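Architecture at a glance
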Amino acid sequence: LHRLIRRQRQMCIRDRFIKEYLNTLLTEMGLEVKFESNIRDKQINIKMYSNNNPILIGKNGQTLTALTAVCKAAVFARIGVYPYLNLDASDYKDKQVSHLERLAKNIAREVRNTGREVVMDNMNSYERRIVHNVLTDFNGVTTISEGEEPNRHIIVKPKKD
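The sections below set out a description of the structure shown in this document. Treat the numbers as computed from the prediction; the structure is a model and nothing was measured.

Here's the deal with the overall build of the protein
A tally of helices and strands in the protein yields five helices and six strands. By the compact-globule yardstick of 15 Å for 161 residues, the protein is too spread out, its C-alpha radius of gyration being 19 Å. When its C-alpha atoms are laid out on the principal axes, the protein stretches across 55 × 45 × 25 Å. Relative to its 161 residues, the protein shows a buried fraction of 32%. Of the roughly 10700 Å² that the protein leaves accessible, carbon and sulfur atoms contribute 47%. Each charge class in the protein was averaged separately, 27 positive and 19 negative side chains, and the resulting centres sit 6 Å apart.

Written as C-alpha coordinates, this is what we have:
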(Lines give C-alpha, C1' and ligand atoms only; values in the text may rest on other atoms or scores of the structure.)
Protein backbone atom coordinates (compact mmCIF):
# COMPACT_ATOMS: atom_id res chain seq x y z
CA LEU A 1 0.00 0.00 0.00
CA HIS A 2 2.83 2.40 0.87
CA ARG A 3 4.50 1.65 -2.46
CA LEU A 4 1.27 2.41 -4.30
CA ILE A 5 0.80 5.70 -2.43
CA ARG A 6 4.42 6.69 -3.10
CA ARG A 7 4.07 5.88 -6.82
CA GLN A 8 0.84 7.90 -7.04
CA ARG A 9 2.52 10.85 -5.29
CA GLN A 10 5.45 10.67 -7.74
CA MET A 11 3.03 10.64 -10.69
CA CYS A 12 1.28 13.74 -9.32
CA ILE A 13 4.61 15.52 -8.94
CA ARG A 14 5.50 14.68 -12.56
CA ASP A 15 2.06 15.81 -13.71
CA ARG A 16 2.41 19.15 -11.90
CA PHE A 17 5.98 19.66 -13.19
CA ILE A 18 4.88 18.93 -16.79
CA LYS A 19 1.97 21.37 -16.61
CA GLU A 20 4.17 24.11 -15.14
CA TYR A 21 6.84 23.43 -17.77
CA LEU A 22 4.28 23.47 -20.59
CA ASN A 23 2.65 26.62 -19.26
CA THR A 24 6.01 28.44 -19.27
CA LEU A 25 6.93 27.15 -22.72
CA LEU A 26 3.55 27.92 -24.30
CA THR A 27 3.30 31.35 -22.69
CA GLU A 28 6.64 32.17 -24.32
CA MET A 29 5.05 31.12 -27.62
CA GLY A 30 2.25 33.64 -27.00
CA LEU A 31 -0.40 31.02 -26.25
CA GLU A 32 -2.89 31.00 -23.41
CA VAL A 33 -3.52 27.41 -22.36
CA LYS A 34 -5.72 25.62 -19.85
CA PHE A 35 -4.98 22.06 -18.80
CA GLU A 36 -7.01 19.02 -17.79
CA SER A 37 -5.08 16.01 -16.63
CA ASN A 38 -5.58 12.54 -15.30
CA ILE A 39 -3.31 9.66 -14.45
CA ARG A 40 -4.25 6.14 -15.49
CA ASP A 41 -2.11 3.02 -15.39
CA LYS A 42 1.15 4.96 -14.96
CA GLN A 43 0.29 7.23 -17.92
CA ILE A 44 -0.12 10.98 -17.56
CA ASN A 45 -2.80 12.29 -19.92
CA ILE A 46 -2.94 16.05 -20.38
CA LYS A 47 -5.51 17.79 -22.55
CA MET A 48 -4.75 21.37 -23.48
CA TYR A 49 -7.20 24.05 -24.55
CA SER A 50 -5.65 27.09 -26.18
CA ASN A 51 -6.54 30.43 -27.70
CA ASN A 52 -4.81 29.15 -30.88
CA ASN A 53 -5.24 25.38 -31.21
CA PRO A 54 -3.91 25.10 -34.79
CA ILE A 55 -0.53 26.45 -33.61
CA LEU A 56 -0.59 24.15 -30.59
CA ILE A 57 -1.40 21.09 -32.73
CA GLY A 58 0.78 21.88 -35.76
CA LYS A 59 0.63 20.24 -39.16
CA ASN A 60 -0.45 16.60 -38.75
CA GLY A 61 0.04 16.93 -34.98
CA GLN A 62 3.77 17.60 -35.29
CA THR A 63 3.82 20.34 -32.64
CA LEU A 64 2.01 18.05 -30.18
CA THR A 65 4.54 15.32 -30.89
CA ALA A 66 7.44 17.73 -30.40
CA LEU A 67 5.95 19.10 -27.15
CA THR A 68 5.57 15.55 -25.85
CA ALA A 69 9.22 14.77 -26.63
CA VAL A 70 10.45 18.00 -25.03
CA CYS A 71 8.38 17.39 -21.89
CA LYS A 72 9.65 13.82 -21.55
CA ALA A 73 13.23 15.07 -21.87
CA ALA A 74 12.62 17.81 -19.28
CA VAL A 75 11.16 15.32 -16.79
CA PHE A 76 14.07 12.96 -17.38
CA ALA A 77 16.59 15.77 -16.84
CA ARG A 78 14.84 16.80 -13.62
CA ILE A 79 13.77 13.47 -12.13
CA GLY A 80 15.73 10.82 -14.03
CA VAL A 81 12.67 8.95 -15.34
CA TYR A 82 10.93 9.12 -18.72
CA PRO A 83 7.20 9.46 -18.06
CA TYR A 84 4.42 7.78 -20.01
CA LEU A 85 2.92 10.99 -21.35
CA ASN A 86 0.07 11.69 -23.72
CA LEU A 87 -0.55 15.31 -24.73
CA ASP A 88 -3.68 16.29 -26.65
CA ALA A 89 -5.12 19.61 -27.75
CA SER A 90 -8.89 20.10 -28.04
CA ASP A 91 -9.43 16.36 -28.56
CA TYR A 92 -7.31 16.37 -31.74
CA LYS A 93 -5.89 12.91 -31.08
CA ASP A 94 -9.28 11.47 -30.15
CA LYS A 95 -10.72 12.78 -33.42
CA GLN A 96 -7.75 11.40 -35.37
CA VAL A 97 -8.21 7.96 -33.79
CA SER A 98 -11.93 7.96 -34.65
CA HIS A 99 -11.16 8.99 -38.23
CA LEU A 100 -8.50 6.28 -38.58
CA GLU A 101 -10.83 3.62 -37.17
CA ARG A 102 -13.61 4.59 -39.62
CA LEU A 103 -11.15 4.60 -42.53
CA ALA A 104 -9.79 1.16 -41.58
CA LYS A 105 -13.29 -0.34 -41.34
CA ASN A 106 -14.32 1.16 -44.69
CA ILE A 107 -11.19 -0.24 -46.35
CA ALA A 108 -11.78 -3.63 -44.72
CA ARG A 109 -15.34 -3.74 -46.10
CA GLU A 110 -14.00 -2.88 -49.55
CA VAL A 111 -11.35 -5.62 -49.34
CA ARG A 112 -13.91 -8.18 -48.14
CA ASN A 113 -16.35 -7.25 -50.92
CA THR A 114 -13.84 -7.09 -53.79
CA GLY A 115 -11.34 -9.72 -52.66
CA ARG A 116 -8.50 -7.34 -53.56
CA GLU A 117 -5.89 -6.06 -51.10
CA VAL A 118 -5.52 -2.37 -50.34
CA VAL A 119 -2.24 -0.64 -49.48
CA MET A 120 -2.82 2.17 -47.00
CA ASP A 121 -0.76 5.37 -46.80
CA ASN A 122 2.42 5.49 -44.71
CA MET A 123 1.72 5.75 -40.98
CA ASN A 124 3.67 6.01 -37.77
CA SER A 125 3.71 3.07 -35.35
CA TYR A 126 0.92 4.51 -33.20
CA GLU A 127 -1.42 4.87 -36.18
CA ARG A 128 -0.55 1.40 -37.50
CA ARG A 129 -1.30 -0.11 -34.11
CA ILE A 130 -4.75 1.52 -34.13
CA VAL A 131 -5.53 0.04 -37.57
CA HIS A 132 -4.23 -3.42 -36.65
CA ASN A 133 -6.25 -3.41 -33.42
CA VAL A 134 -9.51 -2.27 -35.01
CA LEU A 135 -9.25 -4.88 -37.77
CA THR A 136 -8.08 -7.79 -35.61
CA ASP A 137 -11.61 -9.15 -35.20
CA PHE A 138 -12.94 -7.89 -38.53
CA ASN A 139 -14.24 -10.94 -40.43
CA GLY A 140 -12.74 -11.71 -43.81
CA VAL A 141 -9.60 -9.56 -43.68
CA THR A 142 -6.11 -9.59 -42.25
CA THR A 143 -3.49 -6.85 -41.93
CA ILE A 144 0.28 -6.73 -42.27
CA SER A 145 2.81 -3.92 -41.99
CA GLU A 146 5.44 -3.48 -44.68
CA GLY A 147 8.25 -1.08 -45.47
CA GLU A 148 10.91 0.72 -43.49
CA GLU A 149 10.35 3.77 -41.30
CA PRO A 150 9.24 6.41 -42.17
CA ASN A 151 7.69 4.69 -45.21
CA ARG A 152 6.01 1.87 -43.30
CA HIS A 153 2.40 1.15 -44.17
CA ILE A 154 -0.37 -1.39 -43.69
CA ILE A 155 -1.72 -3.74 -46.32
CA VAL A 156 -5.28 -4.95 -45.75
CA LYS A 157 -5.71 -8.36 -47.40
CA PRO A 158 -8.61 -10.73 -47.82
CA LYS A 159 -8.37 -13.59 -45.33
CA LYS A 160 -8.08 -16.98 -46.94
CA ASP A 161 -10.33 -19.50 -45.24
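Let's talk about the nonpolar core
Most often, soluble globular proteins have nonpolar side chains that are buried together. Core analysis: the biggest nonpolar cluster contains 21 residues, and I18, L22, L26, M48 and L87 have the highest contact counts within it. When near neighbours in sequence (up to four residues on either side) are disregarded, L22 contacts F35, M48, L67, C71 and L87. I107, A108, V118 and I154 belong to the second largest nonpolar core, which has 17 residues in total.

Focus on the environment of V97
Among the secondary structure elements, V97 is positioned in helix α4 (residues 92-114). A residue is classified by how much of its surface remains accessible, and V97, at 18% relative accessible area, is buried. Residues V97 and Y126, spaced 29 residues apart in sequence, show a C-alpha to C-alpha distance of 9.8 Å. Every residue in contact with V97, bar those within four places of it in the chain, is listed here: Y126 and I130.

Considering the layout of surface pockets
Estimates place the volume of the largest pocket at around 1000 Å³. In terms of lining residues, the largest pocket is bounded by 29 residues, among which T65, K93, N124, Y126 and E127 are the most central. Elements with a minimum of two residues in the lining of the largest pocket: α3 (62-79), β3 (84-89), α4, β4 (118-122) and α5 (125-135). Take the lining of the largest pocket: its biggest share by element is seven residues, from α4.

Analysis parameters
- Residue indices begin from 1 for each chain and proceed along its sequence in written order.
- In keeping with the model being predicted, local features are shown solely for residues with a pLDDT of at least 70 and side-chain atom pairs are shown and tallied solely at 80 or more, while totals for entire chains, interfaces and linings include all residues.
- To get the side-chain values, take all heavy atoms of the structure and skip hydrogens and water.
- Helix and strand definitions here come from DSSP, where helices need a minimum of 4 consecutive H or I residues and strands a minimum of 2 consecutive E residues; each element is numbered from the N-terminal end.
- Here the globule rule reads 2.2 Å times residues to the power 0.38, and the radius of gyration is calculated from C-alpha atoms.
- Only protein chains enter the area calculation, which uses a 1.4 Å probe; residues under 20% of their type maximum are buried, those over 50% are exposed, and those in between are partly exposed.
- Accessible surface area values rest on a Shrake-Rupley calculation with a 1.4 Å probe, where residue burial reflects the displayed protein chains alone.
- Under this rule, positive means Lys or Arg and negative means Asp or Glu; His and the chain ends count for nothing.
- The location of each charge is read from NZ of Lys, CZ of Arg, CG of Asp or CD of Glu.
- The set of buried Ala, Val, Leu, Ile, Met, Phe, Trp, Tyr and Cys residues whose side-chain atoms join them within 4.5 Å is what this entry labels a nonpolar core.
- In what follows, residue pairs with any heavy atoms lying within 4.5 Å of each other are defined as contacts.
- Put plainly, a pocket is an open set of points on a 1 Å grid over the protein atoms alone with protein on both sides within 12 Å along at least five of seven lines, a cavity is a set where a 1.4 Å probe fits but cannot get out, and a lining residue has an atom within 4 Å of a point.
- Grid points are joined across faces, edges and corners, and a volume is the space filled by probe spheres set on the points.

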